[in-house]
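Chain by chain, the residues run as shown.
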Amino acid sequence: QSEEAKQFCAVAISYGFAGVFWSVSFISLAVSDCAASLDLQAACSADVTSLLGSFSYLSSAISSMTLNCPAGGLKDPATILAENSGGAIRRLQGETFHEIQTLEANEAAKKAAKAPC
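Structural notes, computed from the coordinates. Not measured: the values here are computed from a predicted model.

### Overview of the side chain of Ser-56
Turning to step 1, where the next piece is worked out: Locating Ser-56 in the fold gives a position in helix H2 (residues 40-68).
Turning to step 2, where the next piece is worked out: Excluding its chain neighbours within four sequence positions, the residues that come into contact with Ser-56 are Ser-14, Phe-17, Ala-18 and Phe-21.

Following this line, the structure appears as structure tokens:
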């Protein structure tokens, strides 16, 4: 499995954990708010699980950033096109160049989405 596929899995798993933690937090808040008196255990549970959900969401955001923002900055689109075409680059301008970039980005996204976790 490639590093990129592992990062996509890390993003998905972190989002999953965030959803579970926030769901538990909302349930704990409901128990606390609907009780006849203040339920400190439910309130504390809501705070802790909300914090864990936030950290999980932060983890997924960082993993996403490493996928979308490569080290060393972004390359010039013409350089990327030249690398992907095996050096056989033509002079493309305006809308044609933009269409090729969009097609390549869509293909890359489809390939990454099919990566197994």
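### Some words on a nonpolar patch on the surface
Turning to step 1, where the next piece is worked out: Residues Leu-51, Phe-55, Leu-58 and Ile-62 make up a contiguous nonpolar surface patch of about 400 Å² in total accessible area.
Turning to step 2, where the next piece is worked out: With respect to the helices and strands, Phe-55 occurs in helix H2.

### Structural notes on the packing of aromatic side chains
Turning to step 1, where the next piece is worked out: For the structure on display, the rule yields three aromatic pairs.
Turning to step 2, where the next piece is worked out: Both rings, one in Phe-17 and one in Phe-21, keep their centres 6.3 Å apart while their planes meet at 25°; by these two values the pair is stacked. A residue pair is termed a helical-turn pair when its members lie 3 or 4 positions apart in one helix, as Phe-17 and Phe-21 do in helix H1 (residues 3-34) at four residues.
Turning to step 3, where the next piece is worked out: Counting every residue linked through ring pairs, the aromatic cluster contains Tyr-15, Trp-22 and Tyr-57.

### Some details on the pattern of salt bridges
Turning to step 1, where the next piece is worked out: What the rule picks out here adds up to one salt bridge.
Turning to step 2, where the next piece is worked out: The salt bridge involving Lys-6 is made with Glu-3; its shortest N-O contact spans 3.8 Å. Taken together, the positions of Lys-6 and Glu-3, both in helix H1 and three residues apart, correspond to about one turn of that helix.
Turning to step 3, where the next piece is worked out: On the basis of relative accessibility, which here comes to 56%, the residue Glu-3 falls in the exposed class.

Cut-off values and rules
Residues numbered from 1 in each chain as written. Predicted model: local features only at pLDDT ≥ 70, side-chain atom pairs only at ≥ 80, totals over all residues. Heavy atoms only, no water. Helix = DSSP H or I, 4+ residues; strand = E, 2+ residues; numbered from the N terminus. Contact = heavy atoms within 4.5 Å. Patch = residues over 30% accessible without salt bridge, like charges linked within 9 Å, V, L, I, M, F, W, Y side chains within 5 Å. Areas by Shrake-Rupley, 256 points an atom, 1.4 Å probe, with all protein chains shown as cover. Salt bridge = Lys/Arg side-chain N within 4 Å of Asp/Glu carboxyl O. Phe/Tyr/Trp six-rings, centres within 6.5 Å; stacked < 30°, edge-to-face > 60°. Buried < 20%, exposed > 50% of the residue type's maximum accessible area, 1.4 Å probe, protein only.

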